[in-house]
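Now for the letters of each chain:
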Amino acid sequence: MRCVSTRSPSGPSVTLSQAISLGLAPDGGLFVPATMPRLAAPATLPAYDTSLAAVAERCLTPFFEGEGLESPEGVAAPLASELRAICRAAFTFDAPLRALPREGRRLADGDADLLLELFHGPTAAFKDFGARFLAECLARLEAPGSSGSRRSRTILVATSGDTGAAVAAAFHGRPGFRVVVLYPDGRVSARQAHQLGAFGGNVHTFRVGGTFDDCQRLVKQAFGDATLTEALRLGSANSISLGRLLPQMAYYAKASLQPGGAGPLHVVVPTGNLGNAVACLWAKLLGFPIGDVVLATNANRVLPRFLETGLYEPRPSVATLANAMDVGAPSNLERLVYAFPESAALRAHVRADAVDDAGIEAAIRREWRRSGIALCPHTACGLEVLERLRAHGAAGRWAVAATAHPAKFDTVVEPLIGASVPAPPTLAALLARPSSAVPLAPDAEALRGALLGLSEP
Ligand SMILES: *Cc1c(COP(=O)(O)O)cnc(C)c1O
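Residues numbered from 1 in each chain as written. Predicted model: local features only at pLDDT ≥ 70, side-chain atom pairs only at ≥ 80, totals over all residues. Heavy atoms only, no water.

## Some points on the site of the ligand
Taken together, 14 residues sit near the ligand, with K127, D162, G272, N273 and T403 positioned nearest. Between the ligand and the protein, one listed contact pairs an oxygen atom with a backbone N or O atom of N273 at 2.8 Å. A distance of 2.9 Å separates an oxygen atom of the ligand from a polar backbone atom of L274. Isolated, the ligand exposes 380 Å² of accessible area, and the fraction of that covered by the protein chains is 98%. Here the shell around the ligand is built from residues that sort into five nonpolar, seven polar and two charged. (Near = heavy atom within 4 Å. Polar contact = N/O pair within 3.5 Å; in protein donor to acceptor, adjacent residues only side chain to side chain. Areas by Shrake-Rupley, 256 points an atom, 1.4 Å probe, with all protein chains shown as cover. Nonpolar A, V, L, I, M, F, W, Y, C, P; charged D, E, K, R; others polar.)

Next comes the structure, spelled out in structure tokens:
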């Protein structure tokens with residue numbers, strides 16, 4: 001499959017392998033498939049294997065097709081023949097769809113409120129799926145001809161809390177790779193901060209005196225610096241990387257195929273940088289029976305405003321309880337607009353609603369009362385939006401993407417529900433380790449110095 005930049009769709013194209021290696025397109029745009037594939041019969045999966053890994057392989061095959069051939073640039077792109085192995089290695093845990101008990105509430109027959117639990121990976125947030133898939137791809141793209149003398153690749157990643165941990169976990173201890181994580185100091189939960197600094201080894205963690213947007217800007221500036229890119233063999237792992245975005249289609253696809261009612265599965269996606277949302281829309285474009293897609297933001301409402309008015313007005317992010325969605329300039333917006341360039345089509349395919357902190361708290365309390373299920377603050381944004389949709393008469397089966405385990409946000413969730421939320425075992429293991437992060441000023445020169453000062457792993 002050929003990939004083009006959102007900023008020059010008729011410009012030069014690259015192979016998917018190259019797009020995955022490069023991360024960001026050279027013109028500063030985001031890579032997108034030159035043509036979006038459509039599966040002939042997505043609803044017919046092999047009955048003998050309905051695992052997430054198998055669904056992922058099914059979704060991703062058209063994107064990886066031709067990747068075993070010589071590309072016009074003469075570079076062999078080895079990923080197609082490895083796709084099955086990549087999916088099996090990356091998707092080692094499931095994304096179960098769980099029905100929320102709704103006793104006494106009038107949901108019509110066949111209607112259901114569901115949680116699509118995306119937090120059963122090593123760092124307890126959905127980003128494990130994309131990070132692990134990307135790591136498997138990059139490890140294979142590195143392998144040919146990588147002699148012992150080759151310098152290791154540095155994966156530079158900005159995080160609003162969960163990306164950094166997922167990427168660190170996915171590359172931790174992988175020979176030939178080093179991870180540098182930038183997170184906004186004081187703007188991630190205590191457990192997230194601990195997790196980010198707990199890896200050690202080939203993972204270097206910096207706490208930046210600024211916002212997530214500052215971290216993201218620093219990463220962009222570093223990638224724009226040719227000397228730095230070259231010296232560190234910088235690689236990207238943010239949600240701008242196709243290697244993270246594409247595999248995220250798999251859990252929406254699998255959920256949409258799950259029996260349980262007539263009609264398509266409607267989805268609410270808690271949204272920050274729009275990576276998970278674009279993945280859901282792409283799964284729908286692939287042909288999976290996904291109905292309405294509604295995006296839930298926190299009080300950072302750049303996206304709902306944009307969909308309402310057509311005006312894109314990025315602004316500094318404000319801190320909310322759903323910190324992994326504190327984004328004032330959603331980086332995947334270009335992909336959304338690329339998929340639906342006409343504003344009418346965009347609005348027909350995507351709606352968005354914003355939930356402030358009071359709404360988050362109300363949703364966490366309400367769900368606990370109703371079902372005894374604890375939500376993370378991001379998932380709560382989604383549930384609050386679903387509650388509003390139901391109040392306005394939305395029918396059918398609706399799944400809210402549960403993007404993180406509530407135990408990652410214990411200090412928010414536990415006081416609201418008056419109960420403790422035990423950490424899942426992998427999270428508990430990380431929290432038991434010592435943790436450290438180096439402070440960093442939010443400017444490009446400071447990062448440059450820090451990066452060039454790192455020793456070879
Ligand atoms: C990253 C993250 C989000 C937002 O996902 P995007 O792909 O950036 O829109 C939502 N919830 C949690 C828990 C996250 O870590």
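## What to know about the pairing of strand β6 (residues 153-158)
The buried fraction of β6 amounts to six of the six residues, a majority that puts the element mostly inside the structure. Because side chains alternate across β6, one face comprises the buried residues R153, I155 and V157, and the other comprises T154, L156 and A158, equally buried. By the bridge criterion, six bridges tie β6 to strand β7 (residues 177-184) in an arrangement that is parallel. Following the sheet pairing, R153 is matched in β7 by F177. Taking the sense of rotation as the criterion, the β-α-β connection linking β6, helix α5 (residues 162-171) and β7 turns out right-handed. Pairing of β6 with strand β9 (residues 234-236) involves three bridges; the strand directions are parallel. When the sheet's bridge partners are listed, T154 is paired in β9 with L234. (Buried < 20%, exposed > 50% of the residue type's maximum accessible area, 1.4 Å probe, protein only. Helix = DSSP H or I, 4+ residues; strand = E, 2+ residues; numbered from the N terminus. Pairing = 2+ DSSP bridges. Right-handed = clockwise from strand over helix to strand, strands pointing away.)

## Looking at the nonpolar core
Formed by 96 residues in total, the largest nonpolar core has its most connected members in I20, L60, F64, F91, F133, M249 and Y252. The contacts of F64, once residues within four sequence positions are left out, are L16, I20, L79, A80, L83, F133 and C137. One finds V355, A380, V385 and L389 within the second-largest nonpolar core, a separate group that totals 35 residues. (Core = buried A, V, L, I, M, F, W, Y, C linked by side-chain atoms within 4.5 Å. Contact = heavy atoms within 4.5 Å.)

## Looking at the side chain of T379
Tracing the chain through its elements places T379 in helix α16 (residues 377-391). With a relative accessible area of 2%, T379 lands in the buried category. Filtering out sequence-adjacent residues up to four positions away, T379 remains in contact with L115, P270, V400, A401, A402, T403 and A404.

## Looking at the sheet that holds β9
Pairing is parallel across the open sheet formed by five strands, whose spatial order is β9-β6-β7-β8-β14. Strand pairing shows two members of the sheet lacking a second neighbour, β9 and β14 (438-440), which therefore form its edges. Neighbouring strand axes in the sheet, compared pairwise and without regard to direction, differ in orientation by 30° on average. Of the pairings in the sheet, the one linking strand β8 (residues 203-208) to β14 comprises three bridges and is parallel in character. When the sheet's bridge partners are listed, R207 is paired in β14 with P439. The strands touched by α5 within the sheet are β6, β7 and β8, with β6 carrying the most contacts at an inclination of about 160°. (Axes fitted to C-alpha atoms, helices over the stretch in contact; angles between N-to-C directions.)

## Topic: the environment of K408
With respect to the secondary-structure elements, K408 resides in the loop between β13 (397-402) and α17 (410-417). Sequence-wise, K408 and G11 are 397 residues apart; in three dimensions their C-alpha atoms are separated by 43 Å.

## Remarks on the sheet that holds strand β4 (residues 97-99)
What the six strands build is an open sheet, ordered β4-β5-β13-β10-β11-β12; its pairing is mixed. Looking at strand neighbours, the two that pair on one side only are β4 and β12 (350-354), the edges of this open sheet. Looking at each pair of strands side by side, their axes are set apart by 25° on average, direction ignored. Pairing of β4 with strand β5 (residues 112-117) involves three bridges; the strand directions are antiparallel. Paired with R98 across the bridge in β5 is L115. Contacts from helix α10 (residues 249-257) reach β4, β5, β10 (265-270), β11 (290-297) and β13, with the element oriented near 150° to β10. Seen against the sheet, helix α12 (residues 302-309) touches β11 and β12 and runs at an angle of roughly 130° to β12.

## Remarks on the packing of aromatic side chains
A ring pair, where both rings are aromatic, is described by two values, the distance of the centres and the angle of the planes. Applying the stated criterion across every chain yields a total of eight aromatic pairs. Pairwise contacts between aromatic rings join F64, F91, F93, F129, F133, Y251 and Y252 into one cluster. (Phe/Tyr/Trp six-rings, centres within 6.5 Å; stacked < 30°, edge-to-face > 60°.)

## Quick word on the pattern of salt bridges
Scanning all chains against the criterion turns up 24 salt bridges. Measuring nitrogen to oxygen at the nearest pair gives 2.5 Å for the salt bridge that ties R7 to E334. Separated by 327 residues along the polypeptide, R7 in the loop between β1 (2-5) and β2 (14-15) and E334 in helix α13 (residues 333-339) bring together distant segments of the chain. Given the relative accessible area of 47%, R7 is considered partly exposed. Between R233 and E142 there is a salt bridge, with the nearest N and O atoms lying 3.2 Å from each other. On the criterion of sequence distance, the pair formed by R233 in the loop between α8 (226-232) and β9 and E142 in helix α4 (residues 127-142) is long-range, its members being 91 residues apart. Classification of R233 by relative accessible area gives buried; the value is 16%. Three or more residues are tied together by salt bridges with common partners; here these are D353, R366, R370, E384, E387 and R388. (Salt bridge = Lys/Arg side-chain N within 4 Å of Asp/Glu carboxyl O.)

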